[in-house]
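Residue-level structural notes
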Amino acid sequence: MRSKSQSGALREVTMAGGAPRPDDDYDYLFKVVIIGDSGVGKSNLLSRFTRNEFHLDSKSTIGVEFATRSIQHDGKIIKAQIWDTAGQERYRAITSAYYRGAVGALLVYDISKRLTFENVERWLKELRTHADPSIVVMLVGNKCDLKHLQAVLTDDAKSFAEQNNLAFIETSALDSTNVDIAFETILIEIYRIVTRKTLEAGGDGPKPADNTQKIVLNKETGGGRKKGCC
């Protein structure tokens, strides 16, 4: 049997023959970064998705942290390596290393703080400068549980997303609203791009090998088990 979380995300899969498929067994590994101003809830989005936890007294991230979680789609196990970093300017020196190898990004603002939305354009510009040009980006309006304090209209955010070719969703790490959907949507879109490129190349992707293969979205690529990587 398959063992899943409440959201349906994969924790363990049974292989043919009845042997359990452990969490470190996967078909694709994608690096996703979370960016945005300090205090918008990036760390709680990460902890809610990967550990189903939320901390009201969460402190600002210092440096970088990452966590992983796997989902199942199209008969494949897709493992996300999700990176979270501080939004403060003083930590900007880590920028290049943080974005390196990322194939997806959540660009987060706080719906109750207008300035965090106004800074989204700057974050997007930085992302476009340092990340792969074909990186999949989703604009995330977090803290939608604070609708009574809403300072950013949903229509304004949708308009910005459309103008910049971004996906868009509003979430709440506090009550879990749309958190799983946000991460799963971006992972599935990355998977679709990777598999489409493989088909365009006219093959099934590289054969399993001992070395790790980097996923690059704007080149022909594919993946065998444990071969797609950040």
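Residues numbered from 1 in each chain as written. Predicted model: local features only at pLDDT ≥ 70, side-chain atom pairs only at ≥ 80, totals over all residues. Heavy atoms only, no water.

Defined as follows: UniProt positions are given in the numbering used here, feature names are shortened, and annotations may be inferred rather than shown by experiment.
Listed in UniProt under the heading Subcellular location (unreviewed entry), the comment for the chain reads: "Endomembrane system".

1. Some details on unusual backbone geometry
The condition that has to hold: Secondary structure counts use DSSP, requiring at least four H or I residues in a row for a helix and at least two E residues in a row for a strand, with both numbered from the N terminus.
Of note in this structure, Asp74 is not a glycine but carries a positive phi near 55°. Within the secondary structure layout, Asp74 lies in the loop between β5 (64–73) and β6 (76–85). The backbone of Ser176 shows a phi angle near 75°, a positive value even though the residue is not glycine. Along the chain, the position of Ser176 falls in the loop between β9 (167–170) and α6 (179–200).

2. Thoughts on the pattern of salt bridges
To be explicit about the condition: The term salt bridge refers to a side-chain nitrogen of Lys or Arg lying within 4 Å of a carboxyl oxygen of Asp or Glu. Remark: exposure states derive from per-residue accessible area (1.4 Å probe, protein chains only) relative to the maximum for the residue type, with buried under 20%, exposed over 50%, and partly exposed in between.
Evaluation of the coordinates by the stated rule reveals seven salt bridges. Between Asp37 and Arg122 there is a salt bridge, with its nearest N and O atoms 3.6 Å apart. In this pair, Asp37 sits in the loop between β4 (28–36) and α1 (42–51) while Arg122 sits in helix α4 (residues 120–130), placing the two residues 85 residues apart along the sequence. What makes Arg122 partly exposed here is its relative accessible area of 32%.

3. Quick look at the environment of Phe168
Stated precisely, the cut-off is as follows: By definition in these notes, contact holds between two residues if any of their heavy atoms fall within 4.5 Å.
As for its position among the elements, Phe168 is in strand β9. We classify Phe168 as partly exposed; its relative accessible area is 21%. Each C-alpha atom, one on Phe168 and one on Lys158, is 6.5 Å from the other, the two residues being 10 residues apart in sequence. The residues contacting Phe168, other than those within four sequence positions of it, are Tyr109, Met138, Leu139, Gly141, Thr154, Ala157, Lys158 and Ala161.

4. Examining the pairing of β5
Using the following cut-off: Only strands joined by at least two bridges in the DSSP assignment are considered to pair.
Pairing of β5 with β6 involves 10 bridges; the strand directions are antiparallel. For Arg69, the partnering residue across the bridge sits in β6 and is Ala80. Counted along the chain from β5 to the antiparallel partner β6, the turn is two residues long, and its residue Asp74 has a positive phi close to 55°.

5. Observations concerning the packing of α1 against α6
To keep it simple, the criterion reads: Axis angles are defined between N-to-C directions and span 0 to 180 degrees, where every axis is a line fitted to C-alpha atoms and, for a helix, only to the segment in contact. Oblique is the label for any angle not under 35 degrees, not over 145, and not in the 65 to 115 range, which are roughly parallel, roughly antiparallel and roughly perpendicular in turn. Residues are grouped as follows: nonpolar covers Ala, Val, Leu, Ile, Met, Phe, Trp, Tyr, Cys and Pro; charged covers Asp, Glu, Lys and Arg; every other residue, Gly included, is treated as polar.
Contact geometry of α1 with α6 gives a least axis separation of 9 Å together with a crossing angle of 85°. If you check the angle between α1 and α6, you find them roughly perpendicular. Mapping the contact onto sequence places Leu45, Arg48 and Phe49 in α1 and Val179, Asp180, Phe183 and Glu184 in α6. Of the residues in the contact of α1 with α6, the class split is four nonpolar, no polar and three charged.

6. Things to note about the nonpolar core
Soluble globular proteins tend to bury their nonpolar side chains together. The line we're drawing: Among buried residues, the Ala, Val, Leu, Ile, Met, Phe, Trp, Tyr and Cys ones that are joined through side-chain atoms within 4.5 Å form a nonpolar core.
Formed by 56 residues in total, the largest nonpolar core has its most connected members in Phe30, Leu127 and Leu139. With 10 residues, α6 is the largest single contributor of residues to this core. Not counting residues up to four positions away in its chain, the partners in contact with Leu139 are Leu107, Tyr109, Phe117, Val120, Ala157, Phe160, Ala161, Leu166, Ala167, Phe168 and Ile169.

7. Overview of helix α5 (residues 154–163)
Definition in use: Note that the arc is computed from the directions linking the helix axis to the C-beta atoms.
Turning to α5, its buried residues number three or more, namely Ala157, Phe160 and Ala161. Buried residues along α5 cover an arc of 100° about the axis, so they all sit on one side. In α5, the exposed residues that point more than 90 degrees away from the buried face are Asp155, Glu162 and Gln163. At its buried positions, α5 is contacted by β7 (104–110), α3 (114–118), α4, β8 (136–142) and β9. Just downstream of α5, Asn165 is the residue with a positive phi angle, here 60°.

8. Let's talk about the confidence of the model for the chain
Heads up, the rule is: pLDDT expresses how confident the predictor is about each individual residue, on a scale running from 0 to 100.
With 70% of its residues at a pLDDT of 70 or more, the chain shows a mean pLDDT of 79. Counting interchain partners and residues more than four positions distant, the pLDDT-below-50 stretch residues 1–20 has 41 contacts. Scored below 50 in pLDDT, residues 205–230 shows 71 contacts in the model against residues more than four places distant or in partner chains.

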